[in-house]
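The primary structure of each chain is shown beneath.
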Amino acid sequence: FDELRRAAQDLTLVSRGAQGSLRVGIVPMPAIPFLPIAVKRLRDDHPDVFVSIVEAREAELLDRLRKRDIEIAILRLAVVDPGEEMKFDAFYDERLCVVAAKDHPLAARKRVTWPELLQQEWVMQPADCTFYEHVLVTLDRLGLPMPRQRVEAYSIQIQFGMVLHAGLLCFGMRSQVEFAPDKAMLVRLPFEFATPVRPVGAASLRSHELSPLAQQLIGHVRALVHAAPTPP
């Protein structure tokens, strides 16, 4: 029934002049900074293609993949395990970090300690967010207490807004600084979490071959990632 519904949707798109369609799922970060550029390059080659972008949490994206509501999902292996039914095309490695504004008092330091970070005010994701759980598990494994948050926000844009305009700290992934539109105003504080590096990439169903459009989009994303500065 899902396939019949999607076929009907595709027929509607064709009747409106579309020459194909691609449905992509993303988490708010890291896909947002580079995905629009990749989609533009795809549409430069295929101007009549219809692209649908769904923004959701990792678990929901995997569920949409299983239902074939989307063809690929760009997500982080650090916070979710796609399972054997999925294949994964890695783009780059990722690691947890602490993000601050460049004018924050700790931004110019060459080294900061966790007790110093605990004294700062933080904005963090809600407790029912997958990324919050990832932070909680990471800190617990390292024996570090959780900071006391002052503001709660799921949207990474709101979190960065609080970092830039209210002087708060937030947890992030390195790509959130390297690819963020406001990266000139942000900095990763010099505190390293001794945790395994996990990749960011595109997940898809093993049982279904990727369409040429999906393969081209992945190629454009990979090219953008390789052209970006490599995090230290």
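Residues numbered from 1 in each chain as written. Predicted model: local features only at pLDDT ≥ 70, side-chain atom pairs only at ≥ 80, totals over all residues. Heavy atoms only, no water.

*Asks:* Give me the overall build of the protein chain: which residues, what numbers.
*Replies:* Within the protein chain, the secondary structure is distributed over 8 helices and 10 strands. In the protein chain, once contacts between residues fewer than 6 apart in sequence are set aside, the share between residues at least 24 apart is 79%. (Helix = DSSP H or I, 4+ residues; strand = E, 2+ residues; numbered from the N terminus. Contact = heavy atoms within 4.5 Å.)

*Asks:* Hey, could you go over the side chain of R76 for me, with residue numbers and the actual values?
*Replies:* Mapped onto the secondary structure, R76 falls in strand β3 (residues 72-76). One polar contact links R76 to E58, side chain to side chain, over a distance of 3.0 Å. (Polar contact = N/O pair within 3.5 Å; in protein donor to acceptor, adjacent residues only side chain to side chain.)

*Asks:* Tell me what's going on with the pattern of salt bridges, and back it up with residues and numbers.
*Replies:* For the structure shown, the criterion picks out 8 salt bridges. The partner of R76 in a salt bridge is E58, and the shortest N-O contact between them spans 3.0 Å. Within this pair, whereas R76 is found in strand β3, its partner E58 is found in helix α3 (residues 58-67), the two being separated by 18 residues in sequence. Taking relative accessible area as the criterion, E58 reaches 3% and is therefore assigned buried. Close ionic contact of D63 with K67 constitutes a salt bridge, the shortest N to O distance being 3.3 Å. In this pair, D63 and K67 are both assigned in helix α3, 4 residues apart and thus about one turn of the helix distant. Accessibility expressed as a relative area gives 31% for D63, which makes it partly exposed. (Salt bridge = Lys/Arg side-chain N within 4 Å of Asp/Glu carboxyl O. Buried < 20%, exposed > 50% of the residue type's maximum accessible area, 1.4 Å probe, protein only.)

*Asks:* If you had to explain the sheet that holds strand β9 (residues 186-188) to someone new, which residues and values would you point to?
*Replies:* Spatially, β8-β5-β9 is the arrangement adopted by the 3 strands of the open sheet, whose pairing is antiparallel. The sheet terminates laterally at β8 (170-173) and β9, the two strands that pair on one side only. Each neighbouring strand pair of the sheet contributes to a mean axis angle of 45°, computed without reference to strand direction. Taken strand by strand, helix α5 (residues 130-142) contacts β5 (96-101) and β8, and its axis lies near 95° from that of β8. Helix α6 (residues 156-166) rests against β5, β8 and β9 of the sheet, and its axis sits at about 50° to β5. (Pairing = 2+ DSSP bridges. Axes fitted to C-alpha atoms, helices over the stretch in contact; angles between N-to-C directions.)

*Asks:* Pulling in residues and values, what's your account of α3?
*Replies:* Restricting attention to buried positions, one finds in α3 the residues E58, L61, L62 and L65. An end-on view of α3 places all buried positions within 100° of arc, on one side of the element. On its buried face, α3 is in contact with β1 (21-26), β2 (50-55), β3, β4 (86-94), α5 and β10 (198-205). The first or second residue beyond α3 is R68, which carries a positive phi of 65°. (Arc of directions from axis to C-beta.)

*Asks:* Provide a residue-level description of unusual backbone geometry, including the pertinent values.
*Replies:* Even without being a glycine, R68 presents a positive backbone phi close to 65°. By the secondary structure assignment, R68 is in the loop between α3 and β3.

*Asks:* So what about helix α8 (residues 212-227)? Which residues, and what values?
*Replies:* What sets the pattern is the α-helix's 3.6 residues per turn: residues three or four places apart point alike. In this model α8 runs 23 Å from its N-terminal to its C-terminal C-alpha over 16 residues, within 8% of the 22 Å that 1.5 Å per residue would give. The set of residues buried in α8 consists of L213, A214, L217, I218, H220, V221, L224 and V225. For α8, the angular spread of buried residues about the axis comes to 160°, placing them on one side. Exposed side of α8, more than 90 degrees from the buried face: P212, H226 and A227 are the residues found there. (Expected span 1.5 Å × (residues − 1).)

*Asks:* Give a description of the environment of L169 that names residues and reports values.
*Replies:* Position of L169 relative to the elements: it lies in the loop between α6 and β8. The exposure class of L169 is buried, given its relative accessible area of 0%. Taking the C-alpha atoms as reference points, L169 and L189, 20 residues apart in sequence, are found 9.5 Å from one another. Once residues within four sequence positions are removed from consideration, L169 is found in contact with V98, V99, A100, H104, L117, Q120, E121, W122, V123, V163 and L189.

*Asks:* Quick one: what's the story with the sheet that holds β4, residue by residue and with numbers?
*Replies:* Taking strand neighbours across the sheet as the criterion, the 5 strands line up as β2-β1-β3-β10-β4 in an open arrangement whose pairing is mixed. Each having just a single partner strand, β2 and β4 make up the two edges of the open sheet. Averaged over all pairs of adjacent strands, the angle between strand axes in this sheet comes to 20°, irrespective of strand direction. Pairing geometry for β1 and β2, over 6 bridges, is parallel. The residue of β2 that forms the bridge with I26 is E55.

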